[in-house]
Amino acid sequence: SGAATREQYPKLRRVLDAYSVAVAAACVAPRQVFYNIHRAFWALATRQALREAREPIQPLLLSSANRAAVTGAAESVVAVVSGGSAPGAGTSGAAGGRSFALGGIGAAVLLATAVAATAAGAAVWLSGED
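Basis of the calculations
Residues numbered from 1 in each chain as written. Predicted model: local features only at pLDDT ≥ 70, side-chain atom pairs only at ≥ 80, totals over all residues. Heavy atoms only, no water. Helix = DSSP H or I, 4+ residues; strand = E, 2+ residues; numbered from the N terminus. Buried < 20%, exposed > 50% of the residue type's maximum accessible area, 1.4 Å probe, protein only. Areas by Shrake-Rupley, 256 points an atom, 1.4 Å probe, with all protein chains shown as cover. Salt bridge = Lys/Arg side-chain N within 4 Å of Asp/Glu carboxyl O. pLDDT = per-residue confidence, 0-100. Contact = heavy atoms within 4.5 Å. Axes fitted to C-alpha atoms, helices over the stretch in contact; angles between N-to-C directions. Nonpolar A, V, L, I, M, F, W, Y, C, P; charged D, E, K, R; others polar. Expected span 1.5 Å × (residues − 1).

**Student:** Teacher, can you tell me more about the overall build of the protein chain here?
**Tutor:** Looking only at helices and strands, the protein chain has four helices and zero strands in total. Counting from the amino terminus, helix and strand elements in the protein chain follow one another as α-α-α-α. Burial status across the protein chain gives 3% buried among its 130 residues. When the accessible area of the protein chain is evaluated, it comes to approximately 10,900 Å², of which 66% is carbon and sulfur surface.

Pasting the structure below:
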């Protein structure tokens, strides 16, 4: 006869039995079966993508590029607050050639703005949103 008997092909029959059980489970509870299959493949793909990416999940706070940007901004603010001109800013204008100097109130406003911007930036960075 053309049938594969259990005595002749025990491994093939075992594979066919497992396949039959899987098909029966998919027929009885398709939502759970295919959800779990999808979840397993999603986890494998996520794990592979994270392994291949090799990048930090959040930007590094003290990377060299960020450190250089913060240092440049701080030097610019110090120059403006101390009475010098900002780097790249012209000294001629409405002041008649004098350098622009912030008074006490201007320095306080600048400091409060810097603190508020830093707090907002830290909140966005910690929340992980772009």
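Now that the structure has been shown, the text picks up again.
**Student:** Explanation requested: the pattern of salt bridges in the structure shown.
**Tutor:** Where charged atoms from two side chains of opposite charge approach closely, those side chains can pair. Scanning all chains against the criterion turns up one salt bridge. Between Arg-6 and Asp-17 there is a salt bridge; the shortest N-O distance is 2.8 Å. Taken together, the residues Arg-6 in the segment before helix H1 (10-28) and Asp-17 in helix H1 connect sequence positions 11 residues apart. Take Arg-6: its relative accessible area is 45%, and that puts it in the partly exposed class. By relative accessible area, Asp-17 is classed as partly exposed at 30%.

**Student:** Honestly, the confidence of the model for the protein chain in this entry has me stumped. Any pointers?
**Tutor:** Low pLDDT means the predicted atomic positions in that stretch should not be read closely. A residue-level look at the protein chain finds 72% of positions with pLDDT of 70 or above and a mean pLDDT of 77. Between residues 89-100, whose pLDDT stays under 50, and residues either more than four places distant or in other chains, the model counts eight contacts.

**Student:** Just checking my understanding: could you explain the environment of Ala-114 for this structure?
**Tutor:** Its place among the elements puts Ala-114 in helix H4 (residues 104-127). The partly exposed category is assigned to Ala-114, whose relative accessible area is 39%. As for Ala-114 and Val-77, which are separated by 37 residues in sequence, their C-alpha atoms are 9.7 Å apart.

**Student:** Can you help me understand the packing of H1 against helix H2 (residues 30-53) in this one?
**Tutor:** When two helices pack together, their arrangement is given by the angle between their axes and by how far apart the axes lie. Where H1 meets H2, the axes come as close as 5 Å, and the angle between the chain directions of the two elements is 115°. In this structure, H1 contributes Ala-25, Ala-26, Cys-27 and Val-28 to the contact, and H2 contributes Pro-30, Val-33 and Phe-34. Along the lines of polarity and charge, the residues of the contact of H1 with H2 split into seven nonpolar, no polar and no charged.

**Student:** Mind showing me how you'd approach H2 here?
**Tutor:** Helical geometry: 3.6 residues make up each α-helical turn, so side chains three or four residues apart lie on a common side. Between the first and last C-alpha of H2 there are 34 Å, a value that for 24 residues agrees with the 34 Å anticipated at 1.5 Å per step. A positive phi of about 55° marks Arg-54, the residue just after H2.

**Student:** Please clarify how helix H3 (residues 64-81) should be interpreted in this entry.
**Tutor:** With 18 residues, H3 extends 26 Å from end C-alpha to end C-alpha; this agrees with the ideal 26 Å at 1.5 Å per step. Positive phi shows up at Gly-83, right after H3, with a value of about 110°.

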